[in-house]
Amino acid sequence: APFLDPLSLLKSVVFFGHAAQPQVRGATLKNAKAYLFLPQASSESNPLHVRRIPGCAKVHREAIRMMTAQLLVWILALATSPAEPQRLHPGAEALSTADAPYPLDGIVRWLPAKGPMHCPKVPLVRYAGDVLPYASAVMVHPEFAKHLALFEAVIRDTAVEVYGRAPRSIRHLGTLNCRRIRTWPELLSEHGLGNGIDIAGFDLPALRKRDPAHATTPPALRGVLKIRLAQHWQVPEHAGEVANVHARFLHTLAARLTERRDIFRVLLGPAYPGHKDHFHFDCAPWRLVSI
């Protein structure tokens, strides 16, 4: 038998017992059991081709087997066909085979640029920091919290290298926020999934005299330090020792995070529109770096 496409399968009807009266020639409630209706080109008055089939019970069983087999073939073909590639953020790159899969990769981010919107329901956890504390706890996806812990370890190591101690808090501008991307309103922000964070800076405690780094740290860097992207990412040529050290710390941190593809996939900073005063990090299903 010829293969029926899915639409034809849906239009195929086998009439049993109390089937509703079909508006086709030669079919009535009385003889509905004896007719098999298969889609076939015909006139407007006879949208379905009607054919009398002797031994209808046996033919009905055979017809059902045939259509079931064809439907299974169609389902198998659909299941084994390659998935449609993820549509990328403008300017982003596709992930490589070396990038580990992520639980939120299958969520479609594209939506109408205007009108009502909603964010998919995803699991969320309250996260205050593992390696380093945040100035206030954040609400994030559980998997993103694991990536934040890796992020904190890089901050700690870089800060110890530059300042002789780790930050006492990470200053952030928020995580969970159901909204569109401001510069691309047809895209759901990763903040809407608890899958992104905005970082404004870092606070460091004062070095104590008994700290090993106290003797080797310049006096201007021994006290409480507040590092902010808005003031210290790009400093004037003669800004002074402290400002230049802060700039070196921020740029070193950004370079190390960019090298670590296992932490964040999207890394945005002052080089990207709308990010003059903060870093944005997320794990969207594409790679985009503009710091």
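Details of the structure are given in the entry above.
Residue numbers run consecutively from 1 along every chain, following the written order of its sequence. Local features are withheld for residues below a pLDDT of 70 in this predicted model, meaning they are given only at 70 or higher, and side-chain atom pairs are given and counted only at 80 or more; totals for whole chains, interfaces and linings count all residues. Note that the side-chain values use all heavy atoms of the structure and ignore hydrogens as well as water.

Enquirer: Where do I start with the nonpolar core in this structure?
Expert: For soluble globular proteins, nonpolar side chains are generally found buried alongside one another. By nonpolar core we mean a set of buried residues, namely Ala, Val, Leu, Ile, Met, Phe, Trp, Tyr and Cys, connected to one another through side-chain atoms within 4.5 Å. Burial classes follow relative accessibility: with a 1.4 Å probe on protein chains only, a residue under 20% of its type's maximum area counts as buried, one over 50% as exposed, and anything between as partly exposed. By size, the foremost hydrophobic cluster in this structure holds 46 residues, and its most contacted members are Leu148, Phe151, Tyr163 and Phe249. Only runs of H or I of at least four residues qualify as helices and only runs of E of at least two qualify as strands under DSSP, and these elements are numbered from the N terminus. Secondary-structure elements contributing two or more residues to this core are strand 5 (138-140), helix 3 (142-163), strand 9 (196-204), strand 10 (225-228), helix 5 (241-259) and strand 12 (279-282). Top contributing element to this core by residue count: helix 3, with ten residues. Setting aside chain neighbours within four positions, we find Phe249 in contact with Ile155, Thr158, Ala159, Val162, Tyr163, Phe202 and Ile227. Grouped together as the second largest cluster of nonpolar side chains are ten residues, Ile181, Leu187, Leu268 and Leu288 included. Any two residues whose heavy atoms approach within 4.5 Å at even a single point are treated as in contact.

Enquirer: Just to check I follow, could you spell out the pairing of strand 12 for this structure?
Expert: Two faces belong to every sheet, and in a regular strand the side chains alternate between them. Residue alternation in strand 12 divides its side chains into two sets, Phe279 and Phe281 and His280 and Asp282, and both sets are buried. Between any two strands, pairing holds if DSSP finds at least two bridges. When strand 9 meets strand 12, the two strands line up antiparallel, connected through four bridges. Bridged to Ile199 within strand 12 is Phe279. The pairing of strand 11 (residues 266-268) with strand 12 spans three bridges and is antiparallel. Across the sheet, Val266 pairs through a bridge with Asp282, a residue of strand 12.

Enquirer: I would appreciate a short explanation of the state of the cysteines in the present structure.
Expert: Put plainly, two cysteines are in a disulfide when a covalent bond ties their sulfur atoms together. The disulfide criterion used throughout: a pair of cysteine sulfur atoms within 2.5 Å. Using the criterion set out here, one finds one disulfide in the structure. Through a disulfide, Cys119 is tied to Cys178; the S-S separation comes to 2.0 Å. Given an S-S torsion of about 105 degrees, the disulfide between Cys119 and Cys178 has right-handed geometry. You can see Cys119 sitting in the loop between helix 2 (56-80) and strand 4 (125-127) and its partner Cys178 sitting in the loop between strand 6 (169-174) and strand 7 (180-181), a full 59 residues away along the chain. For Cys119, a relative accessible area of 14% corresponds to the buried category. You can call Cys178 partly exposed: its relative accessible area is 41%.

Enquirer: Would you mind going over the layout of surface pockets with me for this structure?
Expert: The rolling of a water-molecule-sized probe over the atoms marks out the regions of remaining empty space. In this structure, the largest pocket occupies an estimated 470 Å³ of space. Forming the walls of the largest pocket are 26 residues, and the residues nearest its centre are Arg179, Arg182, His191, His275 and His280. Taken together, the elements giving at least two residues each to the lining of the largest pocket come down to strand 6, strand 11 and strand 12. Residues belonging to the lining of the largest pocket are distributed by class as follows: ten nonpolar, eleven polar and five charged. Using only the protein atoms, space was sampled on a 1 Å grid; points where a 1.4 Å probe fits but cannot get out form cavities, open sets with protein on both sides within 12 Å along at least five of seven lines form pockets, and lining residues are those with an atom within 4 Å of a point. Grid points are joined across faces, edges and corners, and a volume is the space filled by probe spheres set on the points. Counted as a void, the second largest pocket has a volume near 210 Å³. Lining the second largest pocket are 14 residues, and of these Asp99, Ala100, His147, Arg261 and Asp262 lie nearest its centre. Residues are sorted three ways: Asp, Glu, Lys and Arg are charged, Ala, Val, Leu, Ile, Met, Phe, Trp, Tyr, Cys and Pro are nonpolar, and all the rest, Gly among them, are polar.

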